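# Structural features, examined
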Amino acid sequence: MRRRGSPDEELMTALYTEHYAVLLSFILRYVHDRHRAEDLVQETLLRAWKHIDHLDSDPGRTRSYLLTIARNVVTNAWRAEQRRPHLVADEAAVASVPSADNVDQLVEGWLVAEALERLSADHQAVVRAMYYEGQSVADAARKLSVPEGTVKSRAYYAVRALRTAFEEMGVLR
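Attention here is on the structure that accompanies the text. For every chain, the first residue of the written sequence is number 1, and numbering continues from 1 onward in sequence order. Local features are withheld for residues below a pLDDT of 70 in this predicted model, meaning they are given only at 70 or higher, and side-chain atom pairs are given and counted only at 80 or more; totals for whole chains, interfaces and linings count all residues. In computing side-chain values, all of the structure's heavy atoms are included and hydrogens and water are not.

### Here's the deal with the layout of surface pockets
Under the convention used in this document: Throughout, the protein atoms alone are placed on a 1 Å grid, and a set of points is a cavity if a 1.4 Å probe fits but cannot get out or a pocket if it is open with protein on both sides within 12 Å along at least five of seven lines; lining residues have an atom within 4 Å of a point. Grid points are joined across faces, edges and corners, and a volume is the space filled by probe spheres set on the points. Under the scheme used here, helices are H or I runs from DSSP no shorter than 4 residues and strands are E runs no shorter than 2 residues, and both carry numbers assigned from the N terminus. Here the nonpolar group is Ala, Val, Leu, Ile, Met, Phe, Trp, Tyr, Cys and Pro; Asp, Glu, Lys and Arg are the charged ones; every other residue, Gly included, is treated as polar.
In this structure, the largest pocket encloses a volume near 160 Å³. For the largest pocket, the full set of lining residues is Y30, V31, R36, L40, V74, A77, W78 and E81. Broken down by secondary-structure element, the contributors of at least two residues to the lining of the largest pocket are helix 2 (34-50) and helix 3 (59-83). Considering every element that reaches the lining of the largest pocket, the biggest residue donor is helix 3, with 4 residues. When the residues that make up the lining of the largest pocket are grouped by side-chain class, the tally is 6 nonpolar, no polar and 2 charged.

### Focus: the packing of helix 6 (residues 121-132) against helix 7 (residues 137-144)
Keep this limit in mind: The angle between two axes is taken between their N-to-C directions and runs from 0 to 180 degrees, where each axis is a line fitted to C-alpha atoms and a helix contributes only its stretch in contact. Roughly parallel here means an angle under 35 degrees, roughly antiparallel means over 145, roughly perpendicular means 65 to 115, and every remaining angle is called oblique. Left-handed describes a crossing in which the near helix is turned anticlockwise from the far one by less than a right angle; the clockwise case is right-handed. Working rule for contacts: check all heavy atoms of both residues, and any pair within 4.5 Å makes them a contact.
For the pair helix 6 and helix 7, the least separation of the axes is 9 Å and the interaxial angle reads 135 degrees. By the angle between their axes, helix 6 is oblique relative to helix 7. Taken as a pair, helix 6 and helix 7 cross one another with a handedness that is right-handed. Here helix 6 contributes A125, V126, A129 and M130 to the contact with helix 7, which in turn contributes V137, A140 and L144. Of the residues belonging to the contact of helix 6 with helix 7, the class tally is 7 nonpolar, no polar and no charged.

### What about helix 5 (residues 103-117)?
For clarity, the cut-off: In this scheme, a helix's expected span is set at 1.5 Å multiplied by one less than its residue total. Exposure classes here rest on a 1.4 Å probe applied to the protein chains alone. A residue is buried below 20% of its type maximum, exposed above 50%, and partly exposed in between. Directions pointing from the helix axis toward each C-beta atom define the arc.
Here helix 5 is 15 residues long and its end C-alpha atoms lie 21 Å apart, about the 21 Å a rise of 1.5 Å per residue gives. Within helix 5, burial applies to L111, A115 and L116. Looking straight down helix 5, one finds that the buried residues subtend no more than 135 degrees of arc, so they occupy a single side. More than 90 degrees from the buried face of helix 5, the exposed residues found are L106, W110 and E117. Close packing links the buried residues of helix 5 with helix 6 and helix 8 (148-169).

### So, a positive patch on the surface
Selection criterion: Patches here: salt-bridge-free residues with over 30% relative accessible area, like charges joined within 9 Å, nonpolar side chains (Val, Leu, Ile, Met, Phe, Trp, Tyr) joined within 5 Å. Shrake-Rupley sampling with a 1.4 Å probe provides the accessible areas, and residues are treated as covered by the protein chains on show and by no other component. A side-chain nitrogen of Lys or Arg and a carboxyl oxygen of Asp or Glu constitute a salt bridge if their distance falls within 4 Å. This count recognises Lys and Arg as positive and Asp and Glu as negative, with His and chain-terminal groups excluded. One atom stands in for each charge, and that atom is NZ of Lys, CZ of Arg, CG of Asp or CD of Glu.
A cluster of like positive charges, contributed by R36, R79, R83 and R84, occupies part of the molecular surface. If you trace the backbone, R79 turns up in helix 3. By relative accessible area, R79 is classed as partly exposed at 47%.

### So, unusual backbone geometry
One non-glycine residue, S145, lies in positive phi territory at about 60 degrees. For S145, the location among the structural elements is in the loop between helix 7 and helix 8. What makes S145 exposed here is its relative accessible area of 66%.

### Description of the packing of helix 6 against helix 8
At a minimum axis separation of 9 Å, helix 6 and helix 8 run at an interaxial angle of 100 degrees. As judged from the angle between their axes, helix 6 and helix 8 are roughly perpendicular. Judged by residue contacts, D122, H123, V126, V127, M130 and Y131 of helix 6 engage V151, R154, A155, Y157, A158 and V159 from helix 8. Partitioning the contact of helix 6 with helix 8 into residue classes produces 9 nonpolar, 1 polar and 2 charged.

### Overview of the packing of aromatic side chains
Put simply, the rule is: Note on aromatic pairs: the rings of Phe, Tyr and Trp (six-membered ring only in Trp) are paired at centre separations within 6.5 Å, and the planes decide the class, stacked below 30 degrees, edge-to-face beyond 60, tilted for the rest.
Across all of its chains, the model carries 3 aromatic pairs by this definition. Geometrically, the ring pair formed by Y16 and Y20 is tilted, given 4.8 Å between the ring centres and 40 degrees between the ring planes. Residue Y16 and its partner Y20 are both found in helix 1 (residues 7-28); the two are separated by 4 residues, about one turn of the helix. Measuring from centroid to centroid gives 5.5 Å for F26 and Y30, while their planes differ by 70 degrees, and the two rings are edge-to-face.

Structure, rendered in structure tokens:
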């Protein structure tokens, strides 16, 4: 048993069956993707349904009204697409984009190297082992042949000395 729809639903069903093919062929002139064109036809019919009171009973005027809506929908979709950035799939174009320079990294590396030069040899060895080579306190102690407590205290005083060196260089306040 079929449920009987409202007059607006029946009108929209009639519009869909009578004008879908015409709207689709009209939109396909401008949009060359069938799925996208079908979506735009649905958007056109949705907008017509929202303003169903503007529909005329004359079939020629109804089709003209729907084609006007379709033109506006296609124009809006084109404008929205123009605002979005386009993805580049060309490897040569991607490779030719200039990369960010590494001046900041070079300056930071120079500053750290300069500050490390101001440390004692024992403190430099602990900093290199723990912070550059990523060794644990136990590993650094074995490598440097000193107790773990000595490594911890040297690391503590080395960090304090680095802070002082950076302050003297004007990097920290």
